[in-house]
Amino acid sequence: MNTYLVAVIIYLALMALIGVYFGKKSVKNSDDFMVAGRSLPLFVVMGTLLATFVGSGTVVGGASFIYQYGPFAAIFNLSGGIVGAIVLYFIAGKIRKVEIYTVPELLERKFGKAALFISSIIIIFAFVGITAYQFTGGAYVLQLTTGIPLQAGAIIMCVLVIFLTVSGGLFSVAYTDALSAVLIILGFIIGVPFALNAAGGFEGLAISLPEINKTWNGGLSFPQLLGFFLPLFLLVLGDQNMYQRFSAAKDPKVAQNSTIGFFVGSIFVIGLTIILATTSIVLFPNIAPDTAILSLAIEGVPLVVGLLMLCAAVAFIITTATSYLLSASGNIVRDLIQRSSKKTFSEGKLLWYNRVIVIILGVLAYVLGQFFPSVLAIQMYSYTMYGASITPALLATVLWKRATKAGIVSSMVVGGASTMLWELGLDRPLDWNSVLFALPLSVLTLIIVSLLTKSKTVSTDLTNNHAG
């Protein structure tokens, strides 16, 4: 077990050194901290898109889903990000031209400060939740490799993620993401043949898998399957992290082409994850579902391969956590503090605010993570909070000229409130994820209210409507 711990520590130390390097060399102002000076090349943008989106939600939450419901149901569940990447190809270049820092800023340019403030609060709630389950996923790694209790492991991951995020902003996050994306794909590609061999190949899987795991739906109803697909799909379509990466690209063409790499990389990673977690069902029939891939890395493959897979899993988790923490801090500094104050802040002051708020949000994420029973549970809640509230409003802002301020604002409020009502107030009736309740209400509210009210916007061309 000590060998696994040493490998993880070395990898984490490497990431920390990269963070310190970019913090000293490249981060001079808040623009560098938030959007890397809008200078990232194609390979780095591709890598940061992939590593940001494929995190603990895949290697822990996604693996948990595969372990419980089987590989065929998982194809439907995990393909939401792949489908979303296709849509992003047609949006990415336009977003780069707008040169935004945050999604609420994009909404404000067309619908005013009410849209900015409400969307900022919703995004902060969702992103703190997504950060929280990265801490939990990292804690599983530490528990399996060292025996450290989950709570203590989550604290260690929290401290590390905060340090990495504070050090270098998006510069360090993006370049560590690119490194992690290579490690993720390499580790899983090498791990698959060994895992399959241990399980008797595809033929062995076909013979040994429980019957329920061989069905197309894993015993879930179609509404339940849809309830797992939609949150992932909606998140990738409207994810502020994606839009910030497009804004950080050196030009619109790089932003658009990066989605191709993201699409291909997602297919590779998700396909490999499904194979690995499926072999874990056969090899380890009695483990906690959240640990499906982590247990396989430690006990199901040769040591060197397991080390690579484990470091790849850590790469998933750390890079996603730093991205969402950085993004949420930007909402508070850029959208709430700057927009609500009449003072002009110096670049040094903005940079200081960003770093302090990263620390505060990191602590809040740790606290929130203690209230959810599993990574999969908090994953669905966080994705839906964002996807049902922000994504319809964001897509309507970019694509639907008839959308009005009243429609956008009311849609976000209804999406967020109905998500919390279904998850926390009603305790998920019928065992359906809240997206099946919150998304229809949000979209209907947007359409109906917009049609019943008059648009007061002056311009629908976002690229010519810059905020000062």
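All of these numbers come straight from a predicted model, not from anything done at the bench.

**Here's the deal with the overall build of the protein chain**
- Within the protein chain, the secondary structure is distributed over 22 helices and 0 strands.
- The C-alpha atoms of the protein chain give 21 Å as radius of gyration, which agrees with the globular expectation for 468 residues (23 Å, within 12%).
- Seen through its C-alpha atoms, the protein chain measures out along the principal axes to roughly 65 × 50 × 40 Å.
- Expressed as a percentage of the 468 residues in the protein chain, the buried residues total 61%.
- A separation of at least 24 residues holds for 85% of the contacts in the protein chain among residues at least 6 apart in sequence.
- For the protein chain, the accessible surface area stands at approximately 16,900 Å², while carbon and sulfur atoms represent 70% of it.
- Positive and negative side-chain charges of the protein chain, numbering 26 and 18 respectively, have mean locations separated by a distance of 14 Å.

**Overview of the nonpolar core**
- With 147 residues, the main nonpolar core has Phe135, Met242, Tyr243, Phe262, Ile318 and Ile408 as its most contacted residues.
- Top contributing element to this core by residue count: helix α17 (residues 303-340), with 19 residues.
- For methionine 242, the contacting residues outside a window of four places in its chain are Leu49, Phe53, Leu88, Val236 and Phe262.
- The next biggest cluster of nonpolar side chains, apart from the first, holds 8 residues, and it includes Leu230, Leu234, Val435 and Leu439.

**Here's the deal with the confidence of the model for the protein chain**
- Mean pLDDT over the protein chain: 85, with 92% of residues reaching 70 or higher.
- The lowest-confidence element of the protein chain is helix α2 (residues 30-35), averaging 69 in pLDDT; the highest-confidence one is helix α22 (residues 435-452), averaging 95.
- Long-range and interchain partners of residues 462-468, a stretch whose pLDDT sits below 50, account for 17 contacts in this model, where long-range means more than four residues apart.

**Let's talk about unusual backbone geometry**
- Although it is not a glycine, aspartate 427 sits at a positive phi angle of roughly 60°.
- Topologically, aspartate 427 is positioned in the loop between α21 (405-425) and α22.
- In this structure, leucine 430 takes a positive phi of about 60° despite not being glycine.
- Within the fold, leucine 430 resides in the loop between α21 and α22.
- On the accessibility criterion, leucine 430 (62% relative accessible area) is exposed.

**Describing the environment of isoleucine 100**
- With respect to the helices, strands and loops of the structure, isoleucine 100 is situated in the loop between α7 (92-98) and α8 (103-111).
- Taking C-alpha positions, isoleucine 100 is 6.3 Å from serine 247, a pair spaced 147 residues apart along the chain.
- Ignoring sequence-local partners within four residues, the contact set of isoleucine 100 consists of Val35, Arg38, Ile95, Glu105, Leu106, Arg109, Tyr243 and Ser247.

**What to know about the environment of leucine 421**
- By the element assignment, leucine 421 lies in helix α21.
- Between the C-alpha atoms of leucine 421 and isoleucine 86, which are 335 residues apart in sequence, the distance is 32 Å.
- In contact with leucine 421, not counting residues within four places along its chain, are Leu426 and Phe437.

**With respect to the pattern of salt bridges**
- Enumeration according to the criterion identifies 6 salt bridges in this entry.
- Put simply, arginine 334 and glutamate 105 hold a salt bridge, and the shortest N to O gap is 3.5 Å. With arginine 334 in helix α17 and glutamate 105 in helix α8, this pair connects stretches of sequence that are 229 residues apart. Both residues of the pair, arginine 334 and glutamate 105, count as buried.
- Here lysine 214 and glutamate 211 are joined by a salt bridge, their closest N and O atoms 3.2 Å apart. Here lysine 214 pairs with glutamate 211, and both are found in helix α12 (residues 211-214), just 3 residues apart, close to one helical turn.
- Here the salt bridges share partners, and the residues they tie into one network are Glu105, Arg109 and Arg334.

**Focus on helix α3 (residues 42-53)**
- When the terminal C-alpha atoms of α3 are compared, their 17 Å separation across 12 residues agrees well with the 16 Å that a helix rising 1.5 Å per residue should span.
- Counting buried positions over the 12 residues of α3 gives 9, a clear majority of the element.
- Residues of α3 that are buried: Val44, Val45, Gly47, Thr48, Leu49, Leu50, Ala51, Thr52 and Phe53.

**Here's the deal with helix α13 (residues 222-238)**
- Taking 1.5 Å of rise per residue, 17 residues should cover 24 Å, and α13 covers 24 Å from first to last C-alpha, within 8% of that figure.
- With respect to burial, α13 is a largely interior element, 14 of its 17 residues being buried.

**Let's talk about a nonpolar patch on the surface**
- On the surface, a cluster of nonpolar side chains totalling about 570 Å² of accessible area is made up of Leu186, Ile189, Ile190, Phe194, Ile260, Val264 and Phe268.
- Listing elements by their share of the nonpolar patch, those giving two or more residues are α10 (150-198) and α15 (252-283).
- For the nonpolar patch, the leading source of residues is α10, giving 4 residues.
- Mapped onto the fold, leucine 186 is located in helix α10.
- Leucine 186 sits in the partly exposed class, given a relative accessible area of 42%.

**Section: the packing of aromatic side chains**
- With the rule as written, the count across this model stands at 13 aromatic pairs.
- Ring geometry for tryptophan 352 versus tyrosine 353: centroids 5.5 Å apart, planes at 55°, classification tilted.
- An aromatic cluster is present here, built from Phe76, Phe222, Phe229 and Phe233 joined pairwise through their rings.
- The ring of tryptophan 352 carries the charged tip of lysine 349 above its face, separated from the ring centre by 5.4 Å.

**Looking at empty space enclosed by the protein**
- Summed over all chains, the structure comprises 4 cavities of 30 Å³ or more.
- The volume enclosed by the largest cavity comes to roughly 100 Å³.
- Those elements that place two or more of their residues in the lining of the largest cavity are α4 (56-69), α6 (80-89), α15 and α19 (375-389).
- Each residue belonging to the lining of the largest cavity can be placed in one class, and the counts come to 8 nonpolar, 5 polar and no charged.

About the thresholds
- Counting starts from 1 at the beginning of each chain's written sequence and moves along it residue by residue.
- Two thresholds apply to this predicted model, a pLDDT of at least 70 for residue-level local features and 80 or more for giving and counting side-chain atom pairs, whereas whole-chain, interface and lining totals are computed over all residues.
- The side-chain figures draw on all heavy atoms in the structure; neither hydrogens nor water molecules are used.
- Counting from the N terminus, the helices are the DSSP runs of H or I reaching at least four residues and the strands are the DSSP runs of E reaching at least two.
- The size measure is the radius of gyration over C-alpha atoms, and the globule rule it meets is 2.2 Å times the number of residues to the 0.38 power.
- In this scheme, a residue with accessible area under 20% of its type's maximum is buried, one over 50% is exposed, and one in between is partly exposed, where area comes from a 1.4 Å probe on protein chains only.
- Contacts are residue-level and defined by heavy atoms, with any inter-residue pair within 4.5 Å sufficient.
- Accessibility throughout is a Shrake-Rupley quantity obtained with a 1.4 Å probe, and a residue counts as covered only by protein chains that appear here.
- Here Asp and Glu are counted as negative and Lys and Arg as positive; His is not counted, and neither are the chain ends.
- By convention, the charge on Lys lies at NZ, on Arg at CZ, on Asp at CG and on Glu at CD.
- Take the buried residues of types Ala, Val, Leu, Ile, Met, Phe, Trp, Tyr and Cys, join any two whose side-chain atoms come within 4.5 Å, and each joined set is a nonpolar core.
- Think of pLDDT as the predictor's per-residue confidence, scored from 0 to 100.
- Each reported salt bridge corresponds to a side-chain nitrogen of Lys or Arg within 4 Å of a carboxyl oxygen of Asp or Glu.
- The span expected for a helix works out to 1.5 Å for each residue beyond the first.
- Each patch is assembled from residues with relative accessible area greater than 30% and no salt bridge, linking like charges that lie within 9 Å and nonpolar side chains (Val, Leu, Ile, Met, Phe, Trp, Tyr) that lie within 5 Å.
- Any Phe, Tyr or Trp ring, taking Trp's six-membered ring, that has another such ring centre within 6.5 Å forms a pair; planes under 30 degrees apart are called stacked, those over 60 apart edge-to-face, and the others tilted.
- Lysine NZ or arginine CZ positioned within 6 Å of the ring centre and within 35 degrees of the ring normal marks a charge as sitting over the ring.
- As defined here, a cavity is a set of points on a 1 Å grid over the protein atoms alone where a 1.4 Å probe fits but cannot get out. A pocket is an open set with protein on both sides within 12 Å along at least five of seven lines, and residues line them when an atom is within 4 Å of a point.
- Grid points are joined across faces, edges and corners, and a volume is the space filled by probe spheres set on the points.
- Asp, Glu, Lys and Arg are counted as charged, while Ala, Val, Leu, Ile, Met, Phe, Trp, Tyr, Cys and Pro are counted as nonpolar; the rest, among them Gly, fall into the polar class.

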